[in-house]
Every structure is written in C-alpha cells, then in structure tokens.
Amino acid sequence: MFTHLFFWGFFILVLCIYSLVYKQNKLRTVFLLAVSLFFYFKTSGLFILLLLFTIISDYNLGKQIHNNTSISRRKLFLTLSVILNLSFLCFFKYAYFFTESYNQVIGSDIKFFNYFAQFSNSVLNTSFSIGKVLPAIGVSFFTFQSLSYTIDLFRKKIEPVKSIFDYGFFVCFFPHLVAGPIVKANEFVHQIYQPYKLSKFEFGMALFWIINGFCKKIVADYIAVNFIDRIFDSPNYYSGIEVVIGIFGYSLQIYMDFSGYTDMAIGLALILGYRLKTNFNSPYKATSTSEFWKRWHISLSSWLQEYLYIPLGGNKSGGIGSYIAISVICLFMILLSGKLWLLFVLLIIASALIIIALLFKNVKQSINTNINLMVTMLLGGLWHGSSWLFLIWGGLNGIGLVIHKFWKNSSPFKNTNSIGIKFILMLITLTFISFTRIFFRSNSLETVNIIFYRITHHLGLDVFFDIIIGYKTVIIIMLLGYIIHWIPEKIKNNYRQGFAKQPLSVMGAIIIFVVFIMYQLMSGEMQPFIYFQF
C-alpha cells in the first residue's frame, strides 16, 4: 500500500538504482519491468503467473495481428485475445458464483475445484482452500489494459512494441497495476521510447499529487472507521438521519479513497518520467448524471466508451452485439436469482418489447438508441462483481443516464448561467449518485432494505442536533471535504502550481508538516484501498 512506510523504503531504493539507468531507454524499461513484477509478487504471490501469461500471450497475438494482412486472420487473433483475457477475468471473478448458481438453478451438487490453488499449495506450500476462488488482485485492470493493446493494433491506432520487455512494462507498470488508472495502449506505449524528461515544476507537481492522495486516503479511513462503516454494518441501530449522513459520507469516502490512490499513482509515475491521465475531475461538481460519468473513474468510463459502447453502435443503434450483451446480462440475472422461472419471465418481456417495437416505430427507435447505454452501465456494474447489488447499481445509473438524455432536450435550465440553479442541480445529482451507492456499499439486499426502512420509518429529526453534536468531528471533516471538493478549479490550479514552484526545502517542510498532521487522524491499522477488491 502506498500509505505504508515499507512501500516508501521500496520506492526510495528503486529511485536510487533508477538514477543509474534512467537515461538508457532499454535498460530503464527492463529495470522497471523487474521492479513491477517484484511489486506484484509481493502483492499477489503466485498470481504473477497469470500476469506473465497475459503478457506473453497478448504480446504474441499482437504480433500476429500486426503482421497478417488478411482481415479474417487479424480478427481471429483479436478474438483469441479477447476470449483469453475475458476467460481469466470471468474465472477469477465469477467461476465460484457460476458453479453455485448452476447448482441452485438445476438442483445439482457440483463441487467447485480450484486447480490454481492446488498448484500453489503443492509448489509453494501455501494453504489456500481448493473449494474457493482466490482473488487475483488487479485482474480487472491489467486485463483491460492488455486488451486495449490488441484492439488498438487491430484498429491500426498504434505500432507494435519493439520487444516483450516493453510490452510487459506497459501492462504491469507498478504505480497503476493493482487499482488503476486503466492505461490504454494508445496513451502510454509511445512514452516507452521517449527520453526521460522531468522539470523541477513537474517534480513539484508529482510531490503535490502524492501528498494530496495521501491526505485523501487518511481522511477517507478516518470517516469510514469512525462513522460510515458502523452505519452500513449495522444500520438497524441508527436513525434515518444518521443513515442519510452515512450515505453522503460514503460518497465522499469512496471518492477520496479511490482518487487518493490514483493521485499517488500519477505522482509516482511522473517522478519516473511517465505521464498518466487524470482519473477524477471533481465529479461532485457535476450537474447531471451524464456529466458525472465524464468526471468519475475516467479511465474506466472512457475504456468502456471506446471499446464497448461505440463498437456496439453508440447512441445511433443497437446491433447484434447489443442483443448478445443483453442475453449475457439476462443469464447473469437468472443465475443470481437461482430461479429457472425468471428465464420465462425475461422471454415474455423480450417478446412483448419486440412486438411493441414492430408496431410503434418511435418505441423501436428509443430502444435502439438507449440499449447500448444500459448494456454499458450494466456490464460496468458486473465488472465490479457478481452480485445483484452491483447489477442494480449499474442499472440505476443506466436509467439515470437515459432519463437525463431525454430531459436535457426539454430542460428549461440547459443554457442557464445561474449559480443557484447549477448548485441545486449539482445537489440533485450528488443525491442520486449517493443513493445508488447504497447498493454498491451494502453487504446484502437485506441491508439495503433495512437502510431504506430506517430512512422512511425512523428518520429521527427530533434528535438531529444531538447527532450533530455527537459526531461533530466526523461531520465537520466531511463538510470540509465537500467544500474543498467544490472549490473552483482555477483556485485549485493556483495552489497546486504555487506548491510546485516553491524551493525544494519549502516543499519538503510542507510535506513533513502535512504528514505529521495526517497521522494524528490515523486510528489503528490503515484500511486497504477500496478498489483493491476489484
């Protein structure tokens, strides 16, 4: 974890050796590849074999895609890459779920057997359960990165890398390896062959992003441990108003936790001479769901848009790919429910929609222009995990995007410059996003039901001021977090650049002071970054 002292000892050692090789492109690439593989091994142990297989297979498939002139053969090798990557992703995220769901639907008693765990136990003397899937840290991130390379080669957007060492470095560069941002090949590969370049100002900005991310993570852990985790773990013990505060608190926590990681990743990569793209752009300033998803987890949103949404037809029409994707999602729904009768319900709904679409052209057009949006958000939900909660969360956000799509054409506020109206729209968007996250954060649908019951039946407005006094420190920190988030971007740029322009001694003093203050907020062991689980 970037917040552990052990990591900074590791990074300083890396920098000491890097200072000897950074001027030689090939040598620095091989060195950083070795460092990244060591980093992943310390993070995930035997799963380094999965990472190495991904690197070797996609590098060679990429060569075949580039070298072949036959479009059918190029498609064949791209298809192999897609199947291999998605198969690994599905196995490590959904294999146990599929087995359990199949047993529930069919009434069988098939036992899941993890050969990967058995191999680890016999070779490395580990003691993993062979009846469960081991979580492969970062698999959702590095498979998407690797896929972007073969797809971009197929589209002829990039030239192939010069060696497998270059490709391995692109896939597993350690700052972004385990939790993003997701790096697309057309944004990164060319940097491998550029000479090292880092100005004093850029170094100052790198330090700013690292300390900024560190502060976000410490504050996120503080409000989680002292308030939010308690609410979501046992919502039936709290009043509705406490639950509502916890919901908005979780929106702040997940933003500070995840953007804190990527801020630090961007800073670390910049010190090493590589530029990663911004992953968050003050998402809670958004005045609509559409704008929110252009500001939140930008690397995933843009990946899904470029490699899923647009190839499916974008907002123009739904093709065969769209309906295959919908079929896959329906299969997940049947398996999640464990009920075979849901298949017949879904078939009836699909038949009814087809008949209506044939009778009414407007309905058909509406389905065709919005189906890809829903598919993208639903698959984005399933990317996070095999659960009704993630599927519902993705579906609600998809519905929010579709509603805004219709609303923006007739909205009386679409061209408004009123700060008051924009602030109200911002709060409405934040409220909608925060309440969809009830499904994202809760452990079960039962927890979701309890949360909504507490809000609707036991709001507790009579104890509002007692709650404010009782949790004053946490609430003040949360309010400050939102206020800082809402500061105009121009002011933020000024103080970022002001920090970066200071002498190194001043920057060092500021960092020492900030770290000292932040450690006063620490309570117990630091929490893992939330997106490590994905």
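For the structure, check the block above.
Just so it is clear, the model here is predicted, and its values are computed rather than measured.

**Q** Explanation requested: the pattern of salt bridges in the structure shown.
**A** One side chain can pair with another of opposite charge once the charged atoms of both are near each other. Tallied over the entire structure, the rule returns 13 salt bridges. Linking Asp263 and Lys216 is a salt bridge whose minimum nitrogen-to-oxygen distance equals 2.8 Å. Pair noted here: Asp263 is in helix H10 (residues 240-271) and Lys216 is in helix H9 (residues 200-233), with a separation of 47 residues, a long-range link. Residue class for Asp263 comes out buried when judged on its relative accessible area of 8%.

**Q** It is not clear to me how helix H7 (residues 164-172) should be interpreted in this structure. Could you clarify?
**A** Every α-helix carries 3.6 residues per turn, so stepping three or four residues along brings you back to the same face. Taking burial as the measure, the nine residues of H7 include seven buried ones, the bulk of the element. Residues of H7 that are buried include every one of Asp166, Tyr167, Gly168, Phe169, Phe170, Val171 and Cys172, and no others. Tucked into the core, H7 has its buried residues touching helix H2 (25-44), helix H3 (48-67), helix H6 (139-154) and helix H8 (185-188).

**Q** Got a minute to help me understand the packing of aromatic side chains in this structure?
**A** The relative placement of two aromatic rings is captured by the distance of their centres and the angle of their planes. In the structure shown here, the tally under the stated rule is 56 aromatic pairs. Ring centres of Phe173 and Tyr274 lie 5.3 Å apart, and the angle between their planes is 65 degrees; on these two criteria the pair is classed as edge-to-face. In this pair, Phe173 sits in the loop between H7 and H8 while Tyr274 sits in the loop between H10 and helix H11 (289-295), placing the two residues 101 residues apart along the sequence. When the ring of Phe258 is compared with that of Phe280, the centres are 5.2 Å apart and the planes differ by 75 degrees; the resulting orientation is edge-to-face. Highlighted residues: Phe258 in helix H10 and Phe280 in the loop between H10 and H11, separated in sequence by 22 residues. When sorted by exposure, Phe258 lands in the same class as Phe280, which is buried.

**Q** It is not clear to me how the nonpolar core should be interpreted in this structure. Could you clarify?
**A** Membership of the largest hydrophobic core comes to 140 residues, with the highest contact counts inside it found for Leu51, Tyr149, Phe170 and Phe188. Those residues in contact with Leu51 that lie beyond four places of it in its chain are Leu37, Tyr40, Phe142, Val171, Cys172 and Leu177. Membership of the second largest hydrophobic core comes to eight residues, among which are Ile329, Phe332, Leu335 and Leu382.

**Q** Even after reading the chapter, I still don't get the side chain of Ser148, so can you show me in this structure?
**A** Structurally, the position occupied by Ser148 is in helix H6. We classify Ser148 as buried; its relative accessible area is 0%. When residues no more than four places from it in sequence are discounted, the contact partners of Ser148 are Phe170, Val183, Lys184, Ala185, Trp303 and Tyr307.

**Q** When you look at a nonpolar patch on the surface in this model, what are you seeing that I'm missing?
**A** Taken together, the side chains of Val30, Leu49, Leu52, Ile56, Phe119, Val123, Ile164 and Phe165 define a hydrophobic patch exposed on the protein surface, amounting to about 650 Å² of accessible area. Residue assignment for the nonpolar patch shows that the elements contributing at least two residues are H3, helix H5 (115-124) and H7. Looking at the nonpolar patch element by element, the count peaks at three residues for H3. Position of Ile56 among the secondary structure elements: in helix H3.

**Q** What am I meant to see in the packing of H10 against helix H20 (residues 472-485) here?
**A** The description of two helices packed together rests on the angle between their axes and the distance between the axes. Orientation of H10 relative to H20, taken along the N-to-C sense of each, is 55 degrees, at an axis distance of 11 Å. Looking at the two axes, H10 sits oblique to H20. Here H10 and H20 pass one another in a crossing that is left-handed. Counted together, Ile245, Phe248, Gly249, Ser251, Leu252 and Tyr255 of H10 and Ile475, Met478, Gly481, Tyr482 and His485 of H20 form the full contact between these two elements. Taken together, the residues that form the contact of H10 with H20 break down as seven nonpolar, four polar and no charged.

**Q** Can you help me understand helix H21 (residues 489-500) in this one?
**A** Compared with the 16 Å implied by 1.5 Å per residue over twelve residues, the 16 Å span of H21 between its first and last C-alpha is a close match. For H21, the set of buried residues is Lys492, Arg496, Phe499 and Ala500. Along the axis of H21, the buried residues cluster in a sector spanning 100 degrees; they form a single face. Buried-residue contacts for H21 involve H9, H20 and helix H22 (504-519).

**Q** Explanation requested: unusual backbone geometry in the structure shown.
**A** Leave glycine aside and you will find that most residues have negative phi; peptide bonds, for their part, are mostly trans. The phi dihedral of Lys156 is positive, around 60 degrees, even though this residue is not glycine. Counting through the fold element by element, Lys156 comes out in the loop between H6 and H7. The class of Lys156 is exposed, set by a relative accessible area of 68%. One non-glycine residue with positive phi stands out, namely His297, at about 40 degrees. With respect to the helices, strands and loops of the structure, His297 is situated in the loop between H11 and helix H12 (298-312). Look at His297 and you get buried, because its relative accessible area is 1%.

What counts as what
Residues numbered from 1 in each chain as written. Predicted model: local features only at pLDDT ≥ 70, side-chain atom pairs only at ≥ 80, totals over all residues. Heavy atoms only, no water. Salt bridge = Lys/Arg side-chain N within 4 Å of Asp/Glu carboxyl O. Helix = DSSP H or I, 4+ residues; strand = E, 2+ residues; numbered from the N terminus. Buried < 20%, exposed > 50% of the residue type's maximum accessible area, 1.4 Å probe, protein only. Contact = heavy atoms within 4.5 Å. Phe/Tyr/Trp six-rings, centres within 6.5 Å; stacked < 30°, edge-to-face > 60°. Core = buried A, V, L, I, M, F, W, Y, C linked by side-chain atoms within 4.5 Å. Patch = residues over 30% accessible without salt bridge, like charges linked within 9 Å, V, L, I, M, F, W, Y side chains within 5 Å. Areas by Shrake-Rupley, 256 points an atom, 1.4 Å probe, with all protein chains shown as cover. Axes fitted to C-alpha atoms, helices over the stretch in contact; angles between N-to-C directions. Parallel < 35°, antiparallel > 145°, perpendicular 65-115°, else oblique. Left-handed = near helix turned anticlockwise from the far one by under 90°. Nonpolar A, V, L, I, M, F, W, Y, C, P; charged D, E, K, R; others polar. Expected span 1.5 Å × (residues − 1). Arc of directions from axis to C-beta.

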